[in-house]
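Here's the letter readout for the chains.
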Amino acid sequence: MNNSAIGIFDSGVGGLTVVKELKRILPHENLVYFGDTGRVPYGTRSRQTIIDYAKQDLSFLKSKEIKMAIAACGTVSAVLPNEIIDELPFPYTGVLLPAVQTACSKTISGHIGVLGTSATIRSGAYGKAIRTILPNARITGIPCPLFVPLVENGYVQRDNQVTRLVAQDYLKQVLGSDIDTLILGCTHFPLLKAIIGDIVGPDVRLIDPGRETARFAASVLTSEGLLNTQEERGSYSFFVSDSPESFTESANLFLGDPVNGHVEQILL
Ligand code: DGL
């Protein structure tokens, strides 16, 4: 069981920002990634459609005999109901809880911002989870639907004026407020850290879902006695529901490295 892979899924390539951190923090783990590139984006869809897609993604990962599942997608993390999670035969985490726990432990002003897809912000799930830990927290949720296509198209450089204008517009409601913590509630958004950081300034801490989720997964595997004890580096397999070539081309940007593993197209 300990040699089984961690299964990670997302609507497309965004979840690779979680894989990047998993490779860094848990270098001996085998990873199986599924990117639903044929049906991306999830963040503009209805709750029920997102749940149906996530169930299919999870059953594909189950067929790979994984030891843990990670929804490396803010949107799925926000809408997947507990009834589905409770039935899974392995530990599960989304990106929501790890990011929320860190945000709550770091905020001093108690005012936390959440950036996410439209479906994520509409769900109110981040706010609900924050208030479970900090009942008096003030939460500002900002839907940022244009960020996903901008990132997918590589508009991520710090001096990109298109992305900067869009980000300034989304963030204007928190500028000058007492917000001190901003959760990047979508796995595409770590690529925009430099632009977002420039706009909100150094006094606002940005919470990276990839980093927090990889740390959280490490603690779950440790406490469940499921860490892989092999000496060699883990192996990586990638599955997609659309062209492997276009996945491989854009993956580099998200992983920070070329895809180092097998990429295969599957039919769900
Ligand atoms: N990576 C997804 C998330 O974290 C965003 C992309 C999408 O809309 O499917 O929400």
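Residues numbered from 1 in each chain as written. Predicted model: local features only at pLDDT ≥ 70, side-chain atom pairs only at ≥ 80, totals over all residues. Heavy atoms only, no water.

K.L.:
How do you make sense of the overall build of the protein when you look at a structure like this?
P.N.:
Helix and strand counts for the protein come out as 12 helices and 10 strands. By the compact-globule yardstick of 18 Å for 268 residues, the protein fits well, its C-alpha radius of gyration being 17 Å. Dimensions of the protein, computed from C-alpha atoms along their principal axes, come out at roughly 50 × 40 × 40 Å. Counting the 268 residues in the protein, one finds 57% classified as buried. Contacts in the protein between residues far apart in sequence, at least 24 positions, make up 77% of those at least 6 positions apart. By element, 49% of the accessible surface of the protein is carried by carbon and sulfur atoms, the whole surface being about 11,500 Å². When the 23 basic and 27 acidic side-chain charges of the protein are each reduced to a single mean position, those positions are 6 Å apart. (Helix = DSSP H or I, 4+ residues; strand = E, 2+ residues; numbered from the N terminus. Rg over C-alpha atoms; globule rule 2.2 N^0.38 Å. Buried < 20%, exposed > 50% of the residue type's maximum accessible area, 1.4 Å probe, protein only. Contact = heavy atoms within 4.5 Å. Areas by Shrake-Rupley, 256 points an atom, 1.4 Å probe, with all protein chains shown as cover. Lys, Arg positive; Asp, Glu negative; His and termini not counted. Charge placed at Lys NZ, Arg CZ, Asp CG, Glu CD.)

K.L.:
When you look at the site of the ligand in this model, what are you seeing that I'm missing?
P.N.:
Near the ligand, the surroundings consist of 14 residues, among which Ser 11, Tyr 42, Gly 43, Gly 74 and Thr 75 are the closest. Within the side chain of Asp 10, a nitrogen or oxygen atom sits 3.0 Å from a nitrogen atom of the ligand. Between an oxygen atom of the ligand and a side-chain N or O atom of Thr 75, the distance comes to 2.5 Å. Contact with the protein chains removes 99% of the 290 Å² of surface that the ligand exposes when unbound. Classifying every residue of the shell around the ligand by side-chain character gives six nonpolar, seven polar and one charged. (Near = heavy atom within 4 Å. Polar contact = N/O pair within 3.5 Å; in protein donor to acceptor, adjacent residues only side chain to side chain. Nonpolar A, V, L, I, M, F, W, Y, C, P; charged D, E, K, R; others polar.)

K.L.:
Sorry if this is basic, but what is going on with helix H2 (residues 47-62) here?
P.N.:
In an α-helix, one full turn covers 3.6 residues, which means residues spaced three or four apart are oriented alike. Given a rise of 1.5 Å per residue, 16 residues ought to cover 22 Å, and the 22 Å separating the end C-alpha atoms of H2 matches this to within 8%. Those residues of H2 lying buried are Ile 50, Ile 51, Tyr 53, Ala 54, Asp 57, Leu 58, Phe 60 and Leu 61. (Expected span 1.5 Å × (residues − 1).)

K.L.:
Even after reading the chapter, I still don't get the UniProt feature "binding site: substrate" (unreviewed entry) in the protein, so can you show me in this structure?
P.N.:
In the numbering used here, UniProt assigns the feature "binding site: substrate" (unreviewed entry) to Asp 10, Ser 11, Tyr 42, Gly 43, Thr 187 and His 188. In terms of the greatest pairwise C-alpha distance, the residues named above, spread along 179 residues, form a tight cluster of at most 12.3 Å across. Checked against the element boundaries, Asp 10 lands in strand E1 (residues 6-10). Leave out the neighbours within four places in its chain, and Asp 10 touches Gly 15, Tyr 33, Phe 34, Gly 35, Asp 36, Ala 72, Cys 73, Thr 187 and His 188. Side-chain polar atoms of Asp 10 contact the backbone nitrogen of Gly 15, separated by 2.9 Å. Within the secondary structure layout, Ser 11 lies in the loop between E1 and helix H1 (16-25). Leaving out residues up to four positions away in the same chain, Ser 11 has contacts with Gly 35, Asp 36, Thr 37, Val 40 and Tyr 42. (UniProt positions renumbered as here; feature names shortened; annotations may be inferred.)

K.L.:
What is the right way to read the UniProt feature "active site" (unreviewed entry) in the protein from this model?
P.N.:
In this numbering, the UniProt entry assigns the feature "active site" (unreviewed entry) to Cys 73 and Cys 186. In terms of the greatest pairwise C-alpha distance, the residues named above, spread along 114 residues, form a tight cluster of at most 6.2 Å across. Of note, Cys 73 is situated in the loop between strand E3 (68-71) and helix H3 (74-79). Mapping Cys 186 onto the fold places it in the loop between strand E7 (181-184) and helix H10 (193-200). Not counting chain neighbours up to four residues away, the residues in contact with Cys 186 comprise Gly 74, Leu 115, Gly 116, Thr 117, Val 148 and Pro 209.

K.L.:
In this structure, what is going on with the nonpolar core? I would like to understand it.
P.N.:
Note that soluble globular proteins tend to have their nonpolar side chains buried in a common cluster. Judged by nonpolar contacts, the single largest core of 96 residues is most densely connected at Leu 16, Leu 115, Phe 147 and Ile 183. The dominant element in this core, judged by the number of residues it contributes, is H2, at seven residues. Residues contacting Leu 16, with those up to four places away along its chain left out, are Tyr 33, Phe 238, Phe 247, Ala 251, Phe 254 and Leu 255. (Core = buried A, V, L, I, M, F, W, Y, C linked by side-chain atoms within 4.5 Å.)

K.L.:
Quick question: what am I supposed to make of the packing of aromatic side chains here?
P.N.:
When we look at a pair of aromatic rings, we describe it by the centre distance and by the angle of the planes. Considering all chains together, one arrives at eight aromatic pairs under this definition. Here Phe 147 and Tyr 170 contribute two aromatic rings whose centre-to-centre distance is 5.1 Å and whose plane-to-plane angle is 80°, an arrangement assigned as edge-to-face. With a gap of 23 residues between them, Phe 147 in helix H8 (residues 147-152) and Tyr 170 in helix H9 (residues 161-171) connect regions that are remote in the sequence. For Phe 147, a relative accessible area of 0% corresponds to the buried category. According to the relative accessible area criterion, Tyr 170 is buried, its value standing at 13%. What links up through ring pairs into an aromatic cluster is the set Tyr 33, Phe 238 and Phe 247. Over the aromatic face of Tyr 53 sits the side chain of Arg 39, whose NZ or CZ is 3.7 Å from the ring centroid. (Phe/Tyr/Trp six-rings, centres within 6.5 Å; stacked < 30°, edge-to-face > 60°. Lys NZ or Arg CZ within 6 Å of the ring centre and 35° of its normal.)

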